[in-house]
Amino acid sequence: MTQETVQSPESLEYRTEVRQLLDILAHSLYTEREIFLRELVSNSSDALNRIQFEMLTNADVVDHGAELAVTLRADRESKTLLISDTGIGMNRDELVQNLGTIAHSGAKSFLQGAKETGASLDEVIGQFGVGFYSVFMVADEVTVTSRSHRPEDQAWSWHSTGESSFELTPADKSSRGTEILIKLKDDADEFANNWRLEQIVKKHSDYVSFPIYLVEEKPIEHDAEDGAEAETDAGTEESQRVINRRTALWRQTPQGVEAEQYTEFYKQLTFDFEEPLLHIHLVTDAPVNMRSILYIPSKLNRGLMSARTEHGLRLYSRKILIQEYNRELLPDYFRFVEGVVDSEDLPLNVSREVVQSNPNIRQMSRALANRLTRELKSLAKKEPEKYIKFWQEFGIFLKEGVASDPTNQESLLELLRFHSSKTGPDEWVTLAQYVERMKLEQEQIYYVLGEDVKTVARSPHLDYFRANDIEVLYLVDPIDGYMTSMLREYEEKQLQNVDDAGLKLPEREQEESTEKVGESDFDALVNRVKKTLGDRVTDVRESKQLVSNPCRLVSPENEFDRDMQRLRRLMEQDYETPKKILELNRSHVLVRNLSGLIQNDSANRLIDATIEQLFANGLLAEGIHPNPAEMVERIQMLMEAAVPGA
Ligand code: ADP
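Residues numbered from 1 in each chain as written. Predicted model: local features only at pLDDT ≥ 70, side-chain atom pairs only at ≥ 80, totals over all residues. Heavy atoms only, no water.

Asker: Can you help me understand unusual backbone geometry in this one?
Answerer: Across the chain, the bulk of peptide bonds are trans and the bulk of non-glycine residues have phi less than zero. Of note, the amide linkage connecting A286 to P287 takes the cis form, showing an omega dihedral of 0 degrees. Mapped onto the secondary structure, P287 falls in the loop between β10 (278–284) and β11 (290–296). Unusually for a residue other than glycine, D63 sits at a positive phi of about 55 degrees. With respect to the element layout, D63 can be found in the loop between α2 (35–55) and β2 (70–75). Since its relative accessible area comes to 33%, D63 is described here as partly exposed. Residue F271 is not a glycine yet carries a positive backbone phi of 65 degrees. (Helix = DSSP H or I, 4+ residues; strand = E, 2+ residues; numbered from the N terminus. Buried < 20%, exposed > 50% of the residue type's maximum accessible area, 1.4 Å probe, protein only.)

Asker: What is the right way to look at the side chain of E216 in this model?
Answerer: Mapping E216 onto the fold places it in strand β8 (residues 212–219). A polar atom in the side chain of E216 sits 2.9 Å from the side chain of R241. When sequence neighbours within four positions are dropped, the list of residues in contact with E216 reads N194, E237, E238, S239 and R241. (Polar contact = N/O pair within 3.5 Å; in protein donor to acceptor, adjacent residues only side chain to side chain. Contact = heavy atoms within 4.5 Å.)

Asker: What exactly am I supposed to notice about the packing of helix α10 (residues 359–382) against helix α11 (residues 384–404) here?
Answerer: At a closest axis distance of 5 Å, the pairing of α10 and α11 adopts a crossing angle of 130 degrees. As summarised for this structure, α10 and α11 are arranged oblique, according to the angle between their axes. Contacts between α10 and α11 involve L376, L379, A380, K381 and K382 on the former and, on the latter, P384, K386, Y387 and F390. Each residue belonging to the contact of α10 with α11 can be placed in one class, and the counts come to six nonpolar, no polar and three charged. (Axes fitted to C-alpha atoms, helices over the stretch in contact; angles between N-to-C directions. Parallel < 35°, antiparallel > 145°, perpendicular 65-115°, else oblique. Nonpolar A, V, L, I, M, F, W, Y, C, P; charged D, E, K, R; others polar.)

Asker: Please clarify how the nonpolar core should be interpreted in this entry.
Answerer: Grouped burial of nonpolar side chains is what soluble globular proteins tend to show. In this structure, I296 and F334 are the most contacted members of the largest nonpolar core, which totals 67 residues. Here this core takes eight residues from α10, the largest share from any one element. For this core, the domains that each give at least three residues are domain 2 (249–377) and domain 3 (384–497). Apart from residues lying up to four places away in sequence, F334 is in contact with A369, L372, T373, L376 and L398. (Core = buried A, V, L, I, M, F, W, Y, C linked by side-chain atoms within 4.5 Å. Domains from an automatic or database assignment.)

Asker: Is there a simple way to explain the sheet that holds strand β20 (residues 537–542) in this structure?
Answerer: Each strand in a sheet pairs with its neighbour through backbone hydrogen bonds, running either in the same direction (parallel) or in the opposite one (antiparallel). Spatial ordering of the open sheet is given by β20-β22-β21, a layout of three strands whose pairing is mixed. Single-partner strands in this sheet number two, and they are β20 and β21 (551–554). Neighbouring strand axes in the sheet, compared pairwise and without regard to direction, differ in orientation by 25 degrees on average. Pairing geometry for β21 and strand β22 (residues 580–584), over four bridges, is antiparallel. Looking across to β22, one finds that C551 is bridged to L584. Relative to the sheet, helix α20 (residues 605–622) contacts β20 and β21, its axis offset from that of β21 by approximately 55 degrees. (Pairing = 2+ DSSP bridges.)

Asker: Looking at this model, I keep getting lost on the pairing of β10. Mind explaining?
Answerer: Across a regular strand the side chains alternate sides, sitting on one face of the sheet and then on the other. Judged by how many residues are buried, β10 sits mostly within the fold: five of seven residues are covered. Bridge count for β10 against β11 is seven bridges, and the pairing is antiparallel. Pairing of V283 across the sheet is with R291, part of β11. Counting the residues that bridge the hairpin from β10 to β11 gives five residues.

As structure tokens, then:
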């Protein structure tokens, strides 16, 4: 594009989503509008990080020696606020790209949420910064003037009143970086007050690592002798002062940092409103130099629109940010952990790709994971209730770790918690406790897989175990099946699914039930059931374990993906659960009566209906019924038969 064609402003339309967002923001009643400053300062800080990184390898940038900083300048008369930085800057195309379409991920999920939920948008704005556009909560007009760091680029101005379009004009700015001039709305003139700006910066941006200057006008000071003259000769002069704390908290000694500072830093780092559950400040010099603060948030889902697309730790090398979201520093299952890591042992002028293959990263990663596990163990000991809170939010990640990380599996096992047939709804048991409570003759650790605690508590598989007072672990997270298929034993005790057809159980002293369907009648019953259910079951046979339930479905021996079935059913659309064996309780009154009915009235329609419903109950108990609504008509028919006419 040549100079001549763009002398007069060129008007461009916003993308549709931006228009929608601007419309919402302009009419927002959100009371904490101050967060717009957090968003703009954070953009400036990103731009400064990027130029700092660029200059490690490229000396050919505009204003190579300029101080890396943000400056705020307010004017109460004209109700304007100017935010400028010496960051990486934007050329014309980047202005159009970045400020004309939606770049900000928070803004995207915000809009999605705006469509899907009826939740108060005003609240949501605060929780998920909507990036640059939040400036339109306080602005009538915004002018962004930017000069890219590339010597060949020119400066451009972007101007918008927050309606459907924005304008571009070539600008006259020779220094590198971006300036945002905000014409404040009448009811937003508080943001032209210096004390207010300082207050907001301290609250939201105190730990930004670059200086944030506030420009102040001060009366010119005169010497004492000139005191009399000063009255008449009142003038002002400008000065500027850094207003953010700017400390790299992680580089201080842990003893010198207050709990509050950790919390504040966390909030500014993550924009989370809630305090973190736990912080870990780690300082090592050997074998590798590392300064790190890690946080475990208190909630997995931070508010409605928590769809954070990126995760990872902020990685610094000697205070210079080299990666915003590093994923090599912690095993994937610790992806809920937030924080920063800084090391002197990483080469500075390296590309991000090289960082990943650096051997020191592996050292650091091992140290971080070990420390995290250790802190969690200590939390579990010292503050068990707090640990359970953690477990309820993040336990599934540790289970994923047990399944996916053989090297750390053993050390993670201590952190697992379960409900079981012997715990109340608020009680939990560890594997160690389970083993301690095992019966003398018991050799295996028993577990049942299912949808939720209430359902598995009623599982017919538990009949035998209840009758014999043997504890069974309830595994009710979809990931549990994955975990058990990778975790075969604990302290040399095998983990054993109770739905296993070949389950070898210690003999039960059981009073031989007197009332039992006779041999040949039972054969007839089995044949009838097989005929009714056809190939929906692989076999029908007598159960040795059932006590109070009439039937159950068991998995054929060696069914290889048995524990994975629930997970696969959730993940694969057309996954068909493999067929099971139906076991019948020969002593159960329903089974006995059914057998009688087959002998006396084999054409009775209640027979097939009862068989069908027994099978359906089995599927329900396993949490694998494909279509429970199918039962309604049949149950109604059975009820009609059960309730005698007048
Ligand atoms: P986000 O910062 O999450 O990407 P924003 O809507 O706040 O979303 O900003 C969009 C993009 O505009 C940024 O990604 C960045 O590329 C660019 N940008 C915003 N402010 C600045 C700035 N001060 N300096 C350089 N680029 C900026």
